[in-house]
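Breakdown of the fold
Here is what each chain is made of, one letter per residue.
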Amino acid sequence: MTFSWTTFLILLFTVVVTFAMTGILAARWTTWRRYFALRDWARSRRLRLLRRDQMPEDLPEGLAILRPPLRLRWHLTDGCLTLMRAHRAERTCNLLLLRIAGGWPATGLRSARRQWTALDWLELFSFPSSHGAQRFTLHGREPIAARRLSDSLVRGLLPPDLSILLDGNVMLIDFSDRPFDPIELDRIITLSRQIAAALPPVPRPTAAA
């Protein structure tokens, strides 16, 4: 049998392609498993996976102007709802942003069981609450808005390990103690829509006499 370079090159090409595909598939289900799982989940929910350096447009101003700034690890959005995982100063936060009816001054319920939340980066006043501080502490810039949120159904719907911030036309939920994976993201999205539907009317400032 005579040696054939054509046959040899075809066999060599087949071996190289086989090893390359095996490596790619192995990486997909090991090293890159989380990326592909989130990408496939995002596509099924019609969410876009954006660049890490593309900060959400509806991020509350207090978080957008932080120095040093937030560094994004994940950024998923459909234009109305945004999911992000970010890092800053050795802290990692998982945040959901959902557009709501606008007009809220910065107002939030902070989880009392957590040592730190993203709300701690904001300069908010602390207000007393008639419901106590066993599950949440009350924060904001205007006492009327803070009381309105504290007395609403939101307090009952919000699990004690989550924190919430209303700012302008954005509702932010901090779920940093929970995993950033498809199962938990589905739960947070469903919860956020339930909370958005239960938000009280935005308090309006009293007109001067």
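Since this is a predicted model, take the numbers as computed values, not measurements. (Residues numbered from 1 in each chain as written. Predicted model: local features only at pLDDT ≥ 70, side-chain atom pairs only at ≥ 80, totals over all residues. Heavy atoms only, no water.)

What follows covers the overall build of the protein. A count of helices and strands for the protein gives six helices and seven strands. Counting from the amino terminus, the protein carries its helices and strands in the arrangement α-α-β-α-β-β-β-β-β-α-α-β-α. With 209 residues in all, the protein has 43% of them scored as buried. Restricting the contact set of the protein to residue pairs at least 6 apart, pairs at least 24 apart contribute 62%. For the protein, the exposed area adds up to about 12400 Å²; of that, 57% sits on carbon and sulfur atoms. (Helix = DSSP H or I, 4+ residues; strand = E, 2+ residues; numbered from the N terminus. Buried < 20%, exposed > 50% of the residue type's maximum accessible area, 1.4 Å probe, protein only. Contact = heavy atoms within 4.5 Å. Areas by Shrake-Rupley, 256 points an atom, 1.4 Å probe, with all protein chains shown as cover.)

It is worth spelling out the packing of aromatic side chains at this point. As enumerated under the stated definition, the model contains two aromatic pairs in all. Their ring planes at 65 degrees and their centres at 4.9 Å tell us that Trp116 and Trp121 sit as a pair that is edge-to-face. The exposure class assigned to Trp116 is buried, which follows from its relative accessible area of 11%. Summarising the aromatic geometry, the rings of Phe175 and Phe180 are spaced 6.2 Å apart at their centres and angled 10 degrees between planes, so their arrangement reads as stacked. Accessibility classification places Phe175 together with Phe180 in one group, the buried group. If you follow Arg88 out to its NZ or CZ, it ends over the ring of Trp121, 5.3 Å from the centre. (Phe/Tyr/Trp six-rings, centres within 6.5 Å; stacked < 30°, edge-to-face > 60°. Lys NZ or Arg CZ within 6 Å of the ring centre and 35° of its normal.)

Within the secondary structure layout, Ser176 lies in the loop between strand S7 (163-174) and helix H6 (182-198). Since its relative accessible area comes to 15%, Ser176 is described here as buried. Along the chain, Ser176 and Asn94 lie 82 residues apart, while their C-alpha atoms are 4.4 Å from each other. Contacts of Ser176, omitting those with residues within four sequence positions, involve Thr92, Cys93, Asn94, Arg114 and Trp116. In terms of polar contacts, Ser176 uses its side chain to reach the backbone amide nitrogen of Asn94, at 3.0 Å. At 2.5 Å, the side chain of Ser176 and the side chain of Asp174 are in polar contact. (Polar contact = N/O pair within 3.5 Å; in protein donor to acceptor, adjacent residues only side chain to side chain.)

Turn by turn, an α-helix covers 3.6 residues, leaving residues three or four places apart pointing in a common direction. Burial in helix H4 (residues 143-150) covers these residues: Ala145, Ala146, Leu149 and Ser150. Down the axis of H4, the sector holding all buried residues measures 135 degrees, keeping them to one side. In this fold, the buried residues of H4 make contact with strand S4 (91-111), strand S5 (125-127), strand S6 (136-140), helix H5 (154-157) and S7. (Arc of directions from axis to C-beta.)

Structurally, Ser111 can be placed in strand S4. Sequence separation between Ser111 and Thr137 is 26 residues; the distance between their C-alpha atoms is 6.6 Å. In this structure Ser111 touches Arg135, Phe136, Pro160, Asp161, Leu162 and Ser163, once residues within four positions along its chain are discounted.

Here we take up the nonpolar core. Ranked by size, the top nonpolar core spans 35 residues in total, and within it Leu83, Leu96, Ile164, Met171 and Ile195 carry the most contacts. When residues of this core are traced back to their parent elements, those giving at least two are helix H2 (33-44), strand S2 (71-77), strand S3 (81-88), S4, S6, H4, S7 and H6. Apart from residues lying up to four places away in sequence, Ile195 is in contact with Val154, Leu157, Leu158, Ile164, Met171 and Ile173. (Core = buried A, V, L, I, M, F, W, Y, C linked by side-chain atoms within 4.5 Å.)

Further remarks concern the pattern of salt bridges. Charged atoms that come close allow side chains of opposite charge to pair. Applying the stated criterion across every chain yields a total of nine salt bridges. Its salt-bridge partner being Asp174, residue Arg114 comes within 3.2 Å of it at the nearest N-O pair. Note that Arg114 is positioned in the loop between S4 and S5 and Asp174 in strand S7, a separation of 60 residues in sequence. Assessed through its relative accessible area of 6%, Arg114 is described here as buried. In this structure Asp174 comes out as buried when scored by relative accessible area, which is 0%. Two residues, Arg178 and Glu184, come together in a salt bridge whose shortest N-O distance is 2.9 Å. With respect to burial, Arg178 and Glu184 carry one shared label: buried. Taken together, the shared-partner salt bridges connect Asp161, Arg178, Glu184 and Arg187 into one network. (Salt bridge = Lys/Arg side-chain N within 4 Å of Asp/Glu carboxyl O.)

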